[in-house]
Amino acid sequence: MPVIQDLLENNRRWAQARASQDPDFFPRLSRQQAPEFLWIGCADSRVPANDIVGMDPGELFVHRNVANLVVPSDLNCLSVIQYAVEVLNVRHIIVCGHYGCGGVRAALEEGQLGLIDNWLRPIRLLSHAHRAQLNALSDLDARVDRLCELNVIAQARSVAGTTIVQNAWHRGQTLAVHGWIYSLHDGLIRDLGVDLRSVEELVVAERIAPA
Ligand code: CO
């Protein structure tokens, strides 16, 4: 079990190794960041954004919360999206969920955990909307995993439906919204085929398969 001083010691070693590999690494990053990607993922400790997609510091702008939700009244998440799209000019927004998500599981199970239940309410509503499909699955784990996928699709559409992304598309800015899901079992990401690049694509996607 690491103790708190280990973290600072690790940091000193990491900074030293980085600087010896590439002496301009920190000076360069301190001048500016120019990431092409915004990552919206779960706060789960087992899904470290940069690590699992092999991105260095400076390459991924990251927002994480419990169950990778994009709620239109969440000033924190919206501010991240606005800054990423309008100031950093990212070209891709990736909503990446993960199978076995505790937040999704909590939304599916009976009983209260406290304040977090309010945060998870959109997932509970999503599970009601897909009740028939979820109930057809044999066990709770399978239902959780399917709801994890449905949640990613819904949150990717939620990103695409923000005024920030809509306005970017109206301006002709190149910007794609993707929906991915990560497996804790093998470390692999699966592309859920959500690939929204225009207002029209969002409208069509929502018409074909309501999430
Ligand atoms: Co999670």
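Predicted model only: the values in this text are computed from it and were never measured.

**Overview of the coordination of the cobalt ion**
The protein atoms donating to the cobalt ion are Cys42 (SG), His98 (NE2) and Cys101 (SG), with metal-donor distances spanning 2.0 to 2.3 Å. The sequence pattern describing where the donors of the cobalt ion fall on their chain is C-x55-H-x2-C. The burial state of His98 is the same as that of Cys101; both residues are buried.

**What to know about the packing of aromatic side chains**
Tallied over the entire structure, the rule returns 3 aromatic pairs. Pairing Phe25 with Phe26 gives two aromatic rings, centres 5.0 Å apart and planes at 80°, and the pair type is edge-to-face. Since its relative accessible area comes to 4%, Phe25 is described here as buried. An angle of 35° between the planes, with centres 5.9 Å apart, marks the rings of Phe61 and Tyr83 as tilted. Pair noted here: Phe61 is in strand E2 (residues 60-65) and Tyr83 is in helix H4 (residues 75-87), with a separation of 22 residues, a long-range link. Phe61 sits in the buried class, given a relative accessible area of 17%. Using a relative accessible area of 37% as the deciding quantity, one classes Tyr83 as partly exposed. Each member of the aromatic cluster is reached from another via a ring pair, and the members are Trp14, Phe25 and Phe26. The side chain of Arg18 reaches across the aromatic face of Phe25, ending 4.6 Å from its centre.

**Focus on the pattern of salt bridges**
Taken as a whole and assessed by the stated rule, the structure comprises 11 salt bridges. The residue Asp141 makes a salt bridge to Arg105 at a minimum N-O spacing of 2.8 Å. Of this pair, Asp141 sits in helix H9 (residues 140-160) while Arg105 sits in helix H5 (residues 102-108), and the two are 36 residues apart along the sequence. Note that Arg197 is salt-bridged to Asp195, the shortest N-O span being 3.3 Å. When its relative accessible area of 42% is taken as the criterion, Arg197 is described as partly exposed. For Asp195, a relative accessible area of 36% puts it in the partly exposed group. One network of salt bridges, with partners in common, ties together Asp22, Asp24, Arg28 and Arg31.

**Observations concerning the nonpolar core**
Nonpolar side chains tend toward joint burial in soluble globular proteins. One finds Leu38, Ile81, Ile93, Val159 and Val177 to be the most contacted residues of the largest nonpolar core, which totals 49 residues. With 10 residues, the top contributor of residues to this core is H9. If we ignore the near neighbours within four places in the chain, the residues touching Val177 are Ile93, Ala156, Val159, Ala160, Val165, Trp169, Val194, Asp195 and Leu196. Core analysis: the second largest hydrophobic core is formed by 7 residues, Val47, Leu60, Cys96 and Tyr182 among them.

**Overview of the pairing of strand E5 (residues 189-196)**
One ladder, built from 6 bridges, connects strand E4 (residues 176-182) with E5; its direction is antiparallel. Considered in E5, the bridge of Trp180 is made with Asp191. Joining the antiparallel neighbours E4 and E5 is a turn of 6 residues, in which Gly187 adopts a positive phi near 75°.

**What to know about the sheet that holds E2**
One open sheet accounts for 5 strands, arranged E2-E1-E3-E4-E5; its pairing is mixed. Of all the strands in the sheet, the pair left with one neighbour each is E2 and E5. Each adjacent strand pair in this sheet contributes to an overall mean axis angle of 20°, direction not counted. Strand contacts of H4: strand E1 (37-42), E2 and strand E3 (92-98), with the helix running at about 170° to E2, the strand carrying the most contacts.

**Topic: the packing of H4 against helix H10 (residues 163-171)**
Taken N-terminus to C-terminus, the directions of H4 and H10 make an angle of 15°; their axes are 10 Å apart at the nearest point. When the axes of H4 and H10 are compared, the pair comes out roughly parallel. The interaxial crossing formed by H4 with H10 has right-handed handedness. Residue-level inspection shows Leu78, Ile81, Gln82, Val85 and Glu86 of H4 in contact with H10, the latter providing Ile164, Val165, Ala168 and Arg171. Of the residues contributing to the contact of H4 with H10, the split by class is 6 nonpolar, 1 polar and 2 charged.

What counts and how
- Residues numbered from 1 in each chain as written.
- Predicted model: local features only at pLDDT ≥ 70, side-chain atom pairs only at ≥ 80, totals over all residues.
- Heavy atoms only, no water.
- Donors = N, O, S within 2.8 Å, 3.2 Å for Na, K, Ca; no water.
- Buried < 20%, exposed > 50% of the residue type's maximum accessible area, 1.4 Å probe, protein only.
- Phe/Tyr/Trp six-rings, centres within 6.5 Å; stacked < 30°, edge-to-face > 60°.
- Helix = DSSP H or I, 4+ residues; strand = E, 2+ residues; numbered from the N terminus.
- Lys NZ or Arg CZ within 6 Å of the ring centre and 35° of its normal.
- Salt bridge = Lys/Arg side-chain N within 4 Å of Asp/Glu carboxyl O.
- Core = buried A, V, L, I, M, F, W, Y, C linked by side-chain atoms within 4.5 Å.
- Contact = heavy atoms within 4.5 Å.
- Pairing = 2+ DSSP bridges.
- Axes fitted to C-alpha atoms, helices over the stretch in contact; angles between N-to-C directions.
- Parallel < 35°, antiparallel > 145°, perpendicular 65-115°, else oblique.
- Left-handed = near helix turned anticlockwise from the far one by under 90°.
- Nonpolar A, V, L, I, M, F, W, Y, C, P; charged D, E, K, R; others polar.

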